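What follows is each chain in one-letter form.
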Amino acid sequence: MRSVSYNYIQRLLLLVVFVAAWTYSWAQQVQITDEQGNKINYTIGADTAVVSSVSFANSENGESEIVIADEVTYNSVVYPVKAIGSQAFYNKTQLGKVTIGSNVKYINPYAFSNCSYLKEVNMRGSVEHIRDYAFNACSEMQSIDLTGVKSIAPYALSSPAL
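Here's a quick rundown of the structure.

Conventions adopted
Residues numbered from 1 in each chain as written. Predicted model: local features only at pLDDT ≥ 70, side-chain atom pairs only at ≥ 80, totals over all residues. Heavy atoms only, no water. Helix = DSSP H or I, 4+ residues; strand = E, 2+ residues; numbered from the N terminus. Buried < 20%, exposed > 50% of the residue type's maximum accessible area, 1.4 Å probe, protein only. Contact = heavy atoms within 4.5 Å. Pairing = 2+ DSSP bridges. Phe/Tyr/Trp six-rings, centres within 6.5 Å; stacked < 30°, edge-to-face > 60°. Core = buried A, V, L, I, M, F, W, Y, C linked by side-chain atoms within 4.5 Å.

### Remarks on the environment of N108
Reasoning step 1: Along the chain, N108 turns up in the loop between strand 8 (106-107) and strand 9 (120-122).
Reasoning step 2: For N108, a relative accessible area of 18% translates into the label buried.
Reasoning step 3: For N108 and A156, which are 48 residues apart along the polypeptide, the C-alpha to C-alpha distance reads 9.4 Å.
Reasoning step 4: Other than its neighbours up to four places away in sequence, N108 contacts A83, I84, G85, S86, R131 and A134.

Written out as structure tokens, the structure reads:
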């Protein structure tokens, strides 16, 4: 049995940390303000964008409407918006309606969880995968278009109204 030196393990660990830090530092944040004054934050990766968070101009429960962009431009490069990140809209009670961009394929865990006044979701037939608890506790949900969805994770739509 061959022994591995402490120095080798230390260098390997340093390499892993460096690669992780470099990958993290490459991701950029872009904030876009929509026509209603809502600020949508996108994380730009190697070739795609992900909705990471939002802040609303209107503070009234269920009165805000958001349209997730099909793509965002950063440094003159166009990135398709492929996902809504985990907890991107978590506990945003201002949200009443969301229209999801035509390039979005994934709605990640807890993306719209606790959006208790969310009534309508229009996915434009683009979303293929809805992850765990994505729409958990959306108690006012009245309409969600699931056309084109290939997989719905356990409890993804665990709301009393659905």
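### Quick notes on the sheet that holds strand 9
Reasoning step 1: In spatial order, the strands read 4-7-9-11; together these four strands make up an open sheet with parallel pairing. Two strands bound the open sheet, and with one partner strand each, they are strand 4 (64-67) and strand 11 (143-144).
Reasoning step 2: Relative to strand 9, strand 7 (residues 95-99) runs parallel, the two sharing three bridges. Bridging from a neighbouring strand, K97 pairs with E120 of strand 9.

### Considerations on the packing of aromatic side chains
Reasoning step 1: Taken as a whole and judged by the stated rule, the model has four aromatic pairs.
Reasoning step 2: Between F112 and F135, the ring centres sit 5.1 Å apart and the planes meet at 0°, which makes this aromatic pair stacked. Here F112, found in the loop between strand 8 and strand 9, pairs with F135, found in the loop between strand 10 (129-130) and strand 11; they are 23 residues apart in sequence, far enough to count as distant.
Reasoning step 3: Judged by its relative accessible area of 0%, F112 is buried.
Reasoning step 4: Judged by relative accessible area, F135 falls into the buried class, the value being 0%.
Reasoning step 5: Seen from their ring centres, Y133 and Y155 are 5.4 Å apart, and the 10° between their planes marks the pair as stacked. One end of the pair, Y133, is in the loop between strand 10 and strand 11; the other, Y155, is in the segment after strand 12 (151-152), and 22 residues separate them in sequence.

### Comments concerning the pairing of strand 4
Side-chain positions along a regular strand alternate between the two faces of the sheet.
Reasoning step 1: Here strand 4 shows a buried face lined by S64 and I66 and an unburied face lined by E65 and V67.
Reasoning step 2: Both strand 4 and strand 7 contribute to a ladder of four bridges, which runs parallel. From the neighbouring strand, I66 faces strand 7, where its bridge partner is V98.

### A word on the nonpolar core
Reasoning step 1: In terms of nonpolar packing, the biggest core is built from 36 residues, with I84, F89, F112 and F135 touching the most fellow members.
Reasoning step 2: Elements that contribute at least two residues to this core include exactly strand 2 (39-44), strand 3 (49-55), strand 6 (77-84) and strand 7.
Reasoning step 3: Sequence-distant contacts of F89, defined by excluding residues within four places in its chain, comprise V51, V54, F56, I66, I68, I84, L95, A111, F112, S113 and C115.

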